[in-house]
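Residue strings, one per chain:
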Amino acid sequence: MVELNNDPPPHCSAGPKGDNLYHWIATIIGTPGTPYQGGIFFLDIKFPSDYPFKPPQVVFKTRIYHCNVDPDGLVSMGILKDDWSPALTITKVLLAVRSILTNPDPYNNAVVPGIAHLYLRDRAKHDDIAAEWTVRFAK
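Keep in mind that this is a model prediction, so the values were computed, not measured.

## As for the sheet that holds strand β2 (residues 20–29)
Thought 1: The strand order across the open sheet formed by four strands is β1-β2-β3-β4, and the pairing between neighbours is antiparallel. What marks the edges here is a single partner per strand, and that holds for β1 (12–17) and β4 (57–60). Within the sheet, the average angular offset between the axes of one strand and its neighbour, ignoring direction, is 25°.
Thought 2: In this structure, strand β3 (residues 40–46) lies alongside β4, joined through four bridges in antiparallel fashion.

The structure is reproduced here in structure tokens:
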């Protein structure tokens, strides 16, 4: 938490929900130049009791059209699964989540195959739908 306060990632914030250090609320501002630009996305971060040896669970509470976010908001990324390392900090997790807004992973971590397929087949249409969802749910 000290690292997050001393050197917060750009366009991100996070902190404990009340006095529960195992449940945090985070905010990510959509990256300019992406279909998510200008959106304000709220996330829940739940830390397991054996953190930092196990990864946190990151869930978008704001609806988002993204191939790496399932319909319940659960984020699918390598560093939140098999690629987790206790050396990773919450700042690095937030930066990684923000980076998938710019660079989705439709190959390895897609949890919504239809969105991943559209992203690969018709990027302009994908981006139009993602931008519509951003306006509808994140502004």
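## Focus on the side chain of Asn68
Thought 1: With respect to the secondary-structure elements, Asn68 resides in the loop between β4 and α2 (90–102).
Thought 2: A polar atom in the side chain of Asn68 sits 3.0 Å from the backbone oxygen of Asn109.
Thought 3: Apart from the residues lying within four places of it in its own chain, the contact partners of Asn68 are Leu74, Val75, Ser76, Ile100, Pro104, Asp105, Asn109, Ala110 and Val111.

## Observations concerning the environment of Thr91
Thought 1: Positionally, Thr91 belongs in helix α2.
Thought 2: With a relative accessible area of 5%, Thr91 lands in the buried category.

## Observations regarding the pairing of β3
Thought 1: Bridging between β2 and β3 involves seven bridges; their strand directions are antiparallel. Residue pairing for β3: Ile28 is matched across the bridge by Phe41.

## With respect to the environment of Gly38
Thought 1: Following the sequence through the fold, Gly38 ends up in the loop between β2 and β3.
Thought 2: With 98 residues separating them in the primary sequence, Gly38 and Arg136 have C-alpha atoms 12 Å apart.
Thought 3: Setting aside residues no more than four positions away along its own chain, Gly38 makes contact with Gly30, Ala138 and Lys139.

## Quick notes on the packing of helix α3 (residues 113–121) against helix α4 (residues 123–137)
Thought 1: Remark: α3 packs on α4, axes separated minimally by 5 Å, with the N-to-C direction vectors making an angle of 130°. If you check the angle between α3 and α4, you find them oblique. Here Ile115, Leu118, Tyr119 and Arg121 of α3 come into contact with α4, specifically with Arg123, Lys125, His126 and Ile129.
Thought 2: Of the residues contributing to the contact of α3 with α4, the split by class is four nonpolar, one polar and three charged.

## Notes on α3
Thought 1: Residues of α3 that are buried: Ile115, Ala116, Leu118 and Tyr119. For α3, the buried positions fall inside an angular range of 165° around the axis, keeping them on one side. Those residues of α3 that are exposed and angled more than 90 degrees off the buried face are Pro113, Gly114 and Arg121.
Thought 2: In the core, the buried residues of α3 are packed alongside α4.

## Some points on unusual backbone geometry
Thought 1: In this structure, Pro52 follows Tyr51 across a cis peptide bond, with omega equal to 15°.
Thought 2: Within the secondary structure layout, Pro52 lies in the loop between β3 and β4.
Thought 3: With a phi angle near 60°, His11 is a residue other than glycine that sits in the positive phi range.
Thought 4: Relative accessible area serves as the criterion here: at 45%, His11 is assigned to the partly exposed category.

Conventions we followed
- Residues numbered from 1 in each chain as written.
- Predicted model: local features only at pLDDT ≥ 70, side-chain atom pairs only at ≥ 80, totals over all residues.
- Heavy atoms only, no water.
- Pairing = 2+ DSSP bridges.
- Helix = DSSP H or I, 4+ residues; strand = E, 2+ residues; numbered from the N terminus.
- Axes fitted to C-alpha atoms, helices over the stretch in contact; angles between N-to-C directions.
- Polar contact = N/O pair within 3.5 Å; in protein donor to acceptor, adjacent residues only side chain to side chain.
- Contact = heavy atoms within 4.5 Å.
- Buried < 20%, exposed > 50% of the residue type's maximum accessible area, 1.4 Å probe, protein only.
- Parallel < 35°, antiparallel > 145°, perpendicular 65-115°, else oblique.
- Nonpolar A, V, L, I, M, F, W, Y, C, P; charged D, E, K, R; others polar.
- Arc of directions from axis to C-beta.

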